[in-house]
Amino acid sequence: MASTSRGRAQDRAEVAGGQDHEVRYEAKKEGVSKETVKKAVKSAGNSRKKVEADIGRH
């Protein structure tokens, strides 16, 4: 697992819905709005696979 500049472990398997840069990245990657990503995180949890699956259903 990669680490941040502060030495913390970084988990790329999750989407932090409160982090604007992560929401923007996922929205651009999936071709949807930031609001859609935030709703998917809220309903499916923060697992990147579950968020992507939830976005794919809509």
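Residues numbered from 1 in each chain as written. Predicted model: local features only at pLDDT ≥ 70, side-chain atom pairs only at ≥ 80, totals over all residues. Heavy atoms only, no water.

Chemist: If you had to explain the overall build of the protein to someone new, which residues and values would you point to?
Modeler: Each helix and strand in the protein was counted, giving three helices and zero strands. Element order for the protein, N to C, with α for helix and β for strand: α-α-α. With the C-alpha coordinates aligned to their principal axes, the bounding extent of the protein is approximately 35 × 15 × 15 Å. A total of 58 residues make up the protein; the buried ones form 19% of that total. Of the roughly 4400 Å² that the protein leaves accessible, carbon and sulfur atoms contribute 47%. Computed over 14 positive and 9 negative side-chain charges, the separation of the two mean positions in the protein equals 3 Å. (Helix = DSSP H or I, 4+ residues; strand = E, 2+ residues; numbered from the N terminus. Buried < 20%, exposed > 50% of the residue type's maximum accessible area, 1.4 Å probe, protein only. Areas by Shrake-Rupley, 256 points an atom, 1.4 Å probe, with all protein chains shown as cover. Lys, Arg positive; Asp, Glu negative; His and termini not counted. Charge placed at Lys NZ, Arg CZ, Asp CG, Glu CD.)

Chemist: Residue-level account of helix α1 (residues 20-30), with values.
Modeler: Turning to α1, its buried residues number three or more, namely Val 23, Glu 26 and Ala 27. Within α1, the buried residues cover an arc of 100° as seen down the axis, which keeps them to one side. Exposed residues on α1 whose side chains face more than 90 degrees from its buried face are Tyr 25 and Lys 28. Packed against the buried residues of α1 are α2 (34-44) and α3 (48-57). Taken from the residues just after α1, Gly 31 is the one with a positive phi, measuring 75°. (Arc of directions from axis to C-beta. Contact = heavy atoms within 4.5 Å.)

Chemist: Go over the pattern of salt bridges, please, and point to the residues and values.
Modeler: Tallying each qualifying case throughout the model produces six salt bridges. A salt bridge links Arg 24 to Asp 20; the nearest nitrogen and oxygen atoms lie 3.1 Å apart. With Arg 24 and Asp 20 both in helix α1 and four residues apart, the pair spans about one turn of that helix. Judged by its relative accessible area of 45%, Arg 24 is partly exposed. When its relative accessible area of 35% is taken as the criterion, Asp 20 is described as partly exposed. Several salt bridges share partner residues, and in doing so they unite Glu 26, Lys 29, Arg 48 and Glu 52 into one network. (Salt bridge = Lys/Arg side-chain N within 4 Å of Asp/Glu carboxyl O.)

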